[in-house]
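So you can see what is in the structure, the chains are spelled out below.
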Amino acid sequence: MIEVESGVVPQILNGVKVLIVDDNRTNRRILEGLVTRWGMNPKVASDGEKAMVELAAARQANEPFGLILTDMHMPKMDGFGLVERINDSPDLSTATIMMLTSGGQRGDATRCGELGIAAYLLKPIRQSELREAIARVLGAKDHSEGISMITRKSLQEDLDPKQSLQILLAEDNAVNQKLAVRLLEKRGHRVTVAGNGKEALTHLEKQAFDLVLMDVQMPEMDGLEATALLRQRRRARNGTRRWSR
C-alpha cells in the first residue's frame with residue numbers, strides 16, 4: 001500500500017527505466033502509476049521468474065533497467081531469492097535494487113545489506129518517502145563511496161525541521177491517542193496529548209501550537225465547549241496569541 005501525496009519530483013528520476021516486481025496486481029498498478037507520474041519508464045512483473053525474463057530481454061536489447069522495485073513476500077520466488085538470482089548473473093546485476101515489504105522480520109534488514117540492496121522500506125509507504133528513497137539510491141551511483149542502505153528510519157531522521165509541526169491532540173480514548181500519535185510522529189511532527197478539553201486549554205495557556213486536533217466527545221469538557229472557550233479567550237486578547245493554523 002502506498003499513501004499518496006503531492007510534491008516536487010527530483011530531476012534524477014526522469015527517464016529512468018524501472019522494473020516493478022510484485023505478485024499483488026493492485027500494488028503493481030499503484031507503483032506503476034506513481035513512477036510514471038514521476039517521469040520514469042516502468043515495466044511490471046508478477047513474480048520472480050517473469051522479472052528475470054524482463055531483465056534478460058532488457059539486457060539483450062541493450063536497454064537495461066536502472067532500478068528494480070521488488071516486493072519481499074511473493075510465492076515460488078520471494079524478493080530475496082530474486083535478488084540472489086540477479087546477483088548470480090553479472091550481466092543483470094547492474095541495476096539498483098530496492099526491497100519493499102509489508103511484514104518485516106528480525107534480520108531482514110541485515111540480509112538486505114548483505115545482498116547489496118540499496119533500500120529496505122516497510123509498507124504502507126508514503127509517496128514522498130518512496131520518491132525520496134529512489135532519488136537517493138539513484139544519486140548514490142554518482143558517488144564512488146555510495147551511501148548506507150536507506151530505511152524509513154534514516155529517511156525520517158533527515159526530515160526538514162521546518163516541515164515539522166507542534167500539534168496538540170485532545171482525545172480521551174487511549175487507543176485513539178496511541179494511533180494518532182504514532183501516525184503523526186511517523187510524519188515527523190511533535191505531539192502533546194490532552195485527555196479532555198480542560199487539559200487542552202491548560203496546554204494552550206502554556207504553549208503555542210501550530211495545529212490543534214480536538215475530539216468532540218470527551219469527559220469533563222468536550223471538544224465543542226473547549227473550542228468555544230478558546231475562541232472567547234482569543235477574542236479577549238484581540239487575537240494576539242496564535243494557537244492554530
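As the structure is a computational prediction, the values presented were derived from the model and not from experiment.

Trainee: Is there a simple way to explain the sheet that holds strand 4 (residues 67-71) in this structure?
Mentor: Sheet strands pair by backbone hydrogen bonding; their relative direction is either parallel or antiparallel. Pairing in this open sheet of six strands is parallel, and the strands run 3-2-4-5-6-8 from one edge to the other. Of all strands in the sheet, those with a lone pairing partner are strand 3 (41-45) and strand 8 (150-151), marking the two edges. Relative to strand 4, strand 2 (residues 17-21) is paired through four bridges, and the arrangement is parallel. Looking at the pairing, V21 lines up with T70 of strand 4. Its contacts with the sheet put helix 1 (residues 25-37) on strand 2, strand 3, strand 4 and strand 5 (96-101), and the angle it makes with strand 3 is roughly 170°.

Trainee: How should I be thinking about the nonpolar core in this particular structure?
Mentor: Across soluble globular proteins, you tend to see nonpolar side chains buried next to one another. Grouped together as the largest cluster of nonpolar side chains are 25 residues, with contacts concentrated most on M40, L67, L69, M98, L130 and I134. Secondary structure elements with two or more residues in this core: strand 2, helix 1, strand 4, strand 5, strand 6 (119-122) and helix 5 (127-139). In terms of nonpolar packing, the next biggest core, distinct from the first, is built from 24 residues, V21, M52, L55 and C112 among them.

Trainee: Whenever I open this one, the pairing of strand 2 confuses me. Can you help?
Mentor: Side-chain direction in a regular strand flips from residue to residue, so the side chains alternate between the two faces of the sheet. Strand 2 sits mainly inside the fold: five of its five residues count as buried. Burial along strand 2 is two-sided: the face carrying K17, L19 and V21 and the face carrying V18 and I20 are both buried. The pairing of strand 2 with strand 3 spans five bridges and is parallel. Looking across to strand 3, one finds that V18 is bridged to P42. On the question of chirality, the crossover connecting strand 2 to the parallel strand 3 by way of helix 1 is right-handed.

Trainee: What is the right way to look at the pattern of salt bridges in this model?
Mentor: Opposite charge on two side chains lets them pair, provided their charged atoms get close. Under the definition given, this model contains six salt bridges. In this structure, D22 engages K123 in a salt bridge whose closest nitrogen and oxygen atoms are separated by 3.3 Å. Highlighted residues: D22 in the loop between strand 2 and helix 1 and K123 in the loop between strand 6 and strand 7 (125-126), separated in sequence by 101 residues. Judged by relative accessible area, K123 falls into the buried class, the value being 14%. E129 is the salt-bridge partner of R152, the closest N and O atoms lying 3.2 Å from each other.

Trainee: Would you mind showing me how to read the confidence of the model for the chain here?
Mentor: Do not read the predicted coordinates in detail wherever pLDDT is low. Counting all residues, the mean pLDDT for the chain is 84, and 87% of those residues have values of 70 or more. Predicted confidence for residues 1-6 stays below pLDDT 50, and this span has 22 contacts to residues more than four positions away or in other chains. Throughout residues 240-245 the model reports pLDDT below 50, and contacts reaching past four residues in sequence, or to other chains, amount to 23 contacts.

Trainee: Quick question: what am I supposed to make of the sheet that holds strand 9 (residues 166-170) here?
Mentor: Taken in spatial order, the three strands of this open sheet run 10-9-11, and their pairing is parallel. Where the open sheet ends on each side, the last strands, each with one partner, are strand 10 (190-194) and strand 11 (211-214). The sheet shows a mean angle of 20° between the axes of neighbouring strands, direction not considered. The sheet strands contacting helix 7 (residues 174-186) are strand 9, strand 10 and strand 11, and the helix crosses strand 10 at an angle near 165°.

Trainee: What is the right way to read the packing of aromatic side chains from this model?
Mentor: What characterises a pair of aromatic rings is the spacing of the ring centres plus the angle enclosed by the ring planes. Under the defined criterion, the tally for this structure stands at zero aromatic pairs. Taking NZ or CZ as reference, K17 lies 4.7 Å from the ring centre of F65, over its face.

Trainee: For this particular structure, what's the right way to read the packing of helix 8 (residues 197-206) against helix 9 (residues 223-236)?
Mentor: Relative placement of two packed helices is described by the angle separating their axes and the distance separating the axes. Axis separation between helix 8 and helix 9 bottoms out at 9 Å; the angle between their running directions is 25°. Compared by their axis directions, helix 8 and helix 9 come out roughly parallel. The interaxial crossing formed by helix 8 with helix 9 has right-handed handedness. Of helix 9, the residues touching helix 8 (which contributes G197, L201, L204 and E205) are A226, L229, L230 and R233.

Trainee: Before we go on, may I ask you to explain the environment of S154 in this structure?
Mentor: Turning to its location among the elements, S154 is positioned in helix 6 (residues 152-157). Spatially, the C-alpha atoms of S154 and A133 are 9.7 Å apart, while their sequence positions differ by 21 residues. Not counting the four nearest positions on each side in its chain, S154 is found in contact with R136 and M149.

About the cut-offs
- Residues numbered from 1 in each chain as written.
- Predicted model: local features only at pLDDT ≥ 70, side-chain atom pairs only at ≥ 80, totals over all residues.
- Heavy atoms only, no water.
- Pairing = 2+ DSSP bridges.
- Helix = DSSP H or I, 4+ residues; strand = E, 2+ residues; numbered from the N terminus.
- Contact = heavy atoms within 4.5 Å.
- Axes fitted to C-alpha atoms, helices over the stretch in contact; angles between N-to-C directions.
- Core = buried A, V, L, I, M, F, W, Y, C linked by side-chain atoms within 4.5 Å.
- Buried < 20%, exposed > 50% of the residue type's maximum accessible area, 1.4 Å probe, protein only.
- Right-handed = clockwise from strand over helix to strand, strands pointing away.
- Salt bridge = Lys/Arg side-chain N within 4 Å of Asp/Glu carboxyl O.
- pLDDT = per-residue confidence, 0-100.
- Phe/Tyr/Trp six-rings, centres within 6.5 Å; stacked < 30°, edge-to-face > 60°.
- Lys NZ or Arg CZ within 6 Å of the ring centre and 35° of its normal.
- Parallel < 35°, antiparallel > 145°, perpendicular 65-115°, else oblique.
- Left-handed = near helix turned anticlockwise from the far one by under 90°.

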